[in-house]
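Fold and geometry: a report
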Amino acid sequence: MLTSEQVQQFHDNGYLAVDKLLDYELDIQPVIDEYQQLLDQLCERWVAEGRLSETYRHLPFERRLVEAYRAGCRYENHFDIALPNSGVQPDTPIHLGPAVFDLLRSPRMLAAVESLIGGEIYSNPIQHVRIKPPASVIAKTDVDRALVGRTHWHQDSGVALPDADDTKMVTCWVAVTEATAENGCLQVLPKSHREGMSLHCSTVDQLGIPEALIPQAEAKPVPLSPGGVLFFHPMCKHASLDNNSDAFRWSFDLRYNPIGQPTGRPHFPGFVAQSRLNPATELDDVEEWARLWLDARDKLAQVDGVKTHRWDSEDPLCA
Ligand SMILES: O=C(O)CCC(=O)C(=O)O
Ligand SMILES: [Fe+2]
């Protein structure tokens, strides 16, 4: 549970950082272990496919990931916990492991979320893992791709469909590794959640608010230690910094909204994470959760594309 001062800060500033909100041993370590296993499997597969010269089993997670990344093995969709917004195929990779499912349902997370949006909590399917390589390693073509490179200024409402504009969504940005201004932590514009929707421009790689509209001097970096969580309002303007360190920067961004409100991604599956009124509707079966995503993938693979945002980039400010 958050204190009333913390809840007030969230509403006043549009964001709230809480150190040690999660329990490292219960919430974070199992996820790290799960990704370690996933990387084991991926390296074996990449070696079998002749794309990687060895599995680098003896190397720690990060060094292995660097070797795979340098060899051109794309890991981000295998690691991500949602499907991409376009180009979904019947075999598009997605990670739907039990440790991630437990993180989505962490009682520590849900208690805090309850303080912000009430006790009827839906896990919104706009969710990602971002394991971002250091600047020394990152390819030029990846610098502006938000799962591996920098994330441009945006509002989470602005990157969802307008049916969710009135949804009382909260974003929860979870630090898995230390997040610092040097390694690309998030930065926010305090109180920007009260300024209304800004123009977003669509580029090949991501949506973003034109830099000219951002008062850079007011931007506030939000460093966090592993297990710390940054909560923010869907209208809060935020971006990541670049990863100028020599290590990976690893975070999850998860979202929740009151049960029954539009998620902004109707073609992706959410689930009831907590219901005080109707506990029997809570989803606690990871296989069922995975099935929901795989069914959505089958459906998306059969259509040409779905609308995921409202912007057309014809505005001169987008030029
Ligand atoms: O971690 C990032 O780079 C971006 C995260 C983000 O935009 C979010 O949490 O809404
Ligand atoms: Fe965001």
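Note: the structure precedes this text.
The notes below deal with the structure included here. In this text the structure is predicted, and so the values were computed from the model without any measurement.

**Let's talk about the overall build of the chain**
When helices and strands are tallied, the chain shows seven helices and eleven strands. At 19 Å, the chain has a C-alpha radius of gyration in line with the 20 Å of a compact globule built from 319 residues. Buried residues in the chain amount to 53% of all 319 residues. The contacts of the chain with a sequence gap of at least 6 include a subset with a gap of at least 24, amounting to 81%. Carbon and sulfur atoms make up 50% of the accessible area of the chain, which amounts to about 14,200 Å² in all. Seen as two clouds, the 29 positive and the 46 negative side-chain charges of the chain have centres 2 Å apart.

**Some remarks on the state of the cysteines**
Evaluated as defined, the whole model comprises one disulfide. With its sulfur 1.9 Å from that of its partner, C201 forms a disulfide with C318. Across the S-S bond linking C201 and C318, the dihedral sits near -80 degrees, which makes this disulfide left-handed. Note that C201 is positioned in strand β5 (residues 201-202) and C318 in the segment after α7 (286-301), a separation of 117 residues in sequence. Residue C172 stays outside any disulfide, its sulfur separated by 13 Å from that of C236, the closest cysteine. Residue C172 is classed as buried on the basis of its relative accessible area, which comes to 0%. For C236, a relative accessible area of 1% puts it in the buried group.

**Comments concerning the site of ligand 1**
Neighbouring residues of ligand 1: 15 residues in total, closest K132, T151, D156, W173 and R255. In the model, an oxygen atom of ligand 1 is placed 2.7 Å from a nitrogen or oxygen of the K132 side chain. Within the side chain of H154, a nitrogen or oxygen atom sits 3.0 Å from an oxygen atom of ligand 1. Of all elements in the fold, only β2 (120-132), β3 (170-175), β9 (238-240) and β10 (249-258) reach the threshold of two or more residues within the shell around ligand 1. The biggest single contributor to the shell around ligand 1 is β10, with four residues.

**Observations concerning the coordination of the iron ion (ligand 2)**
Protein coordination at the iron ion (ligand 2): the donors are H154 (NE2), D156 (OD) and H238 (NE2), at 2.1 Å from the metal. For the iron ion (ligand 2), the single-chain donor residues occur in sequence as H-x1-D-x81-H. Of this pair, H154 sits in the loop between β2 and β3 while H238 sits in strand β9, and the two are 84 residues apart along the sequence. With respect to class, H154 is no different from H238; both count as buried.

**Digging into the environment of W46**
One can find W46 in helix α2 (residues 24-48). Beyond its immediate chain neighbours, meaning those up to four positions away, W46 contacts L39, R51, L52, A68, C73, R74, Y75 and H78.

**Focus on the nonpolar core**
Ranked by internal contacts, the top residues of the largest apolar core, which has 69 residues, are Y35, F79, M109, F231, F252 and Y256. If one sorts the elements of this core by residue count, α2 sits on top with nine residues. Other than its neighbours up to four places away in sequence, F79 contacts Y35, L38, L39, L42, F61, L65, H95, V129 and I131. Counting residues in each nonpolar core, the second largest holds twelve residues, with W173, A179, L186 and L230 among its members.

**Quick look at the packing of α2 against helix α3 (residues 61-70)**
Two measures define how a pair of helices packs: the angle their axes make with one another and the distance between the axes. One can describe the packing of α2 onto α3 by two numbers: an axis separation of 11 Å at closest approach and a directional angle of 30 degrees. Seen from above, α2 lies across α3 with left-handed handedness. Residue-level inspection shows Y35, Q36, L39, D40, C43 and W46 of α2 in contact with α3, the latter providing F61, R64, L65 and A68. Classifying every residue of the contact of α2 with α3 by side-chain character gives seven nonpolar, one polar and two charged.

**Concerning the sheet that holds β10**
With antiparallel pairing, the six strands of this open sheet are ordered in space as β1-β8-β3-β10-β2-β11. Each of the sheet's edge strands pairs with one partner strand only, and the pair in question is β1 (15-18) and β11 (271-275). For this sheet the average axis-to-axis angle between neighbouring strands, irrespective of direction, equals 25 degrees. The strands that α2 touches are β2, β3 and β10; relative to β10, the one it contacts most, it runs at about 120 degrees. Relative to the sheet, helix α6 (residues 107-117) contacts β2, β3, β8 (229-232), β10 and β11, its axis offset from that of β10 by approximately 45 degrees.

**Examining α6**
Here α6 has its buried residues at M109, L110, A112, V113, L116 and I117. Mapping the buried residues of α6 onto a view down its axis gives an arc of 165 degrees, with all of them on the same face. After α6 finishes, the residue G118 shows a positive phi value of roughly 100 degrees.

**What to know about the environment of L230**
Summarising the element assignment, L230 is placed in strand β8. Put simply, L230 and Q6 are 224 residues apart on the chain and 12 Å apart in space, counted from C-alpha to C-alpha. Those residues in contact with L230 that sit more than four places away from it in its chain are Y15, L16, A17, T171, C172, W173, L186, V188, V222 and L224.

Calculation criteria
- Residues numbered from 1 in each chain as written.
- Chains lettered and ligands numbered in written order.
- Predicted model: local features only at pLDDT ≥ 70, side-chain atom pairs only at ≥ 80, totals over all residues.
- Heavy atoms only, no water.
- Helix = DSSP H or I, 4+ residues; strand = E, 2+ residues; numbered from the N terminus.
- Rg over C-alpha atoms; globule rule 2.2 N^0.38 Å.
- Buried < 20%, exposed > 50% of the residue type's maximum accessible area, 1.4 Å probe, protein only.
- Contact = heavy atoms within 4.5 Å.
- Areas by Shrake-Rupley, 256 points an atom, 1.4 Å probe, with all protein chains shown as cover.
- Lys, Arg positive; Asp, Glu negative; His and termini not counted.
- Charge placed at Lys NZ, Arg CZ, Asp CG, Glu CD.
- Disulfide = S-S within 2.5 Å.
- Near = heavy atom within 4 Å.
- Polar contact = N/O pair within 3.5 Å; in protein donor to acceptor, adjacent residues only side chain to side chain.
- Donors = N, O, S within 2.8 Å, 3.2 Å for Na, K, Ca; no water.
- Core = buried A, V, L, I, M, F, W, Y, C linked by side-chain atoms within 4.5 Å.
- Axes fitted to C-alpha atoms, helices over the stretch in contact; angles between N-to-C directions.
- Left-handed = near helix turned anticlockwise from the far one by under 90°.
- Nonpolar A, V, L, I, M, F, W, Y, C, P; charged D, E, K, R; others polar.
- Pairing = 2+ DSSP bridges.
- Arc of directions from axis to C-beta.

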